[in-house]
Amino acid sequence: MPNLEELREQQRANVQQRREFVKQWAEYGKNHSDEEWSSEVNDVIDSQYPDPDSG
């Protein structure tokens, strides 16, 4: 079982990874048109839901 310091280190690493992801996403949004990134976000969201017409 991890000790408290190991858990804190894991949490710090997780927070850092999340910050980097947000920075990357913000940079992507700055460098791509609204139409391009919103279409891609829609594809990601739509992929999370089953197609009601597929069965």
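Data block above holds the structure.
Here's what I pulled together on the structure shown here. (Residues numbered from 1 in each chain as written. Predicted model: local features only at pLDDT ≥ 70, side-chain atom pairs only at ≥ 80, totals over all residues. Heavy atoms only, no water.)

### Focus: the packing of helix α1 (residues 4–31) against helix α2 (residues 34–47)
1) Next: Interaxial distance between α1 and α2 falls to 8 Å at its minimum, and their mutual angle equals 130°. Taken together, the axes of α1 and α2 lie oblique to each other. Only Glu 36, Trp 37, Glu 40 and Val 41 of α2 make contact with α1, whose side of the interface consists of Trp 25, Tyr 28 and Gly 29. (Axes fitted to C-alpha atoms, helices over the stretch in contact; angles between N-to-C directions. Helix = DSSP H or I, 4+ residues; strand = E, 2+ residues; numbered from the N terminus. Parallel < 35°, antiparallel > 145°, perpendicular 65-115°, else oblique. Contact = heavy atoms within 4.5 Å.)

### Thoughts on the environment of Ser 54
1) Next: Tracing the backbone shows Ser 54 in the segment after α2.
2) Next: Considering only alpha carbons, one finds Ser 54 and Gln 11, 43 residues apart in sequence, at a separation of 41 Å.

### Examining the pattern of salt bridges
1) Next: In this structure the tally under the stated criterion is 3 salt bridges.
2) Next: Residue Arg 12 pairs with Glu 9 through a salt bridge whose shortest N-O separation is 3.2 Å. With Arg 12 and Glu 9 both in helix α1 and 3 residues apart, this pair spans about one turn of that helix.
3) Next: Between Glu 20 and Lys 23 there is a salt bridge, with the nearest N and O atoms lying 3.9 Å from each other. With Glu 20 and Lys 23 both in helix α1 and 3 residues apart, the pair spans about one turn of that helix.
4) Next: Residue classification places Glu 20 among the partly exposed residues on the basis of a relative accessible area of 33%. (Salt bridge = Lys/Arg side-chain N within 4 Å of Asp/Glu carboxyl O. Buried < 20%, exposed > 50% of the residue type's maximum accessible area, 1.4 Å probe, protein only.)

### Things to note about a nonpolar patch on the surface
1) Next: Nonpolar side chains collect at one region of the surface, where Phe 21, Val 22 and Trp 25 lie side by side and expose about 330 Å² of accessible area between them.
2) Next: Its location among the elements puts Phe 21 in helix α1.
3) Next: Exposure remark for Phe 21: the relative accessible area of 54% places this residue in the exposed category. (Patch = residues over 30% accessible without salt bridge, like charges linked within 9 Å, V, L, I, M, F, W, Y side chains within 5 Å. Areas by Shrake-Rupley, 256 points an atom, 1.4 Å probe, with all protein chains shown as cover.)

### Re the packing of aromatic side chains
1) Next: Tallying each qualifying case throughout the model produces 1 aromatic pair.
2) Next: Ring geometry for Trp 25 versus Tyr 28: centroids 5.5 Å apart, planes at 10°, classification stacked. Of this pair, Trp 25 and Tyr 28 both sit in helix α1, 3 residues apart, which is roughly one turn of that helix. (Phe/Tyr/Trp six-rings, centres within 6.5 Å; stacked < 30°, edge-to-face > 60°.)

### Examining α1
Count 3.6 residues to each turn of an α-helix, and residues three or four apart come out pointing the same way.
1) Next: Look at α1: 41 Å from first C-alpha to last across 28 residues, which is about the 40 Å you get at 1.5 Å a residue.
2) Next: A side-chain oxygen of the first residue of α1 lies 3.0 Å from the backbone nitrogen of Glu 5; this N-cap is Asn 3. (Expected span 1.5 Å × (residues − 1). Polar contact = N/O pair within 3.5 Å; in protein donor to acceptor, adjacent residues only side chain to side chain.)

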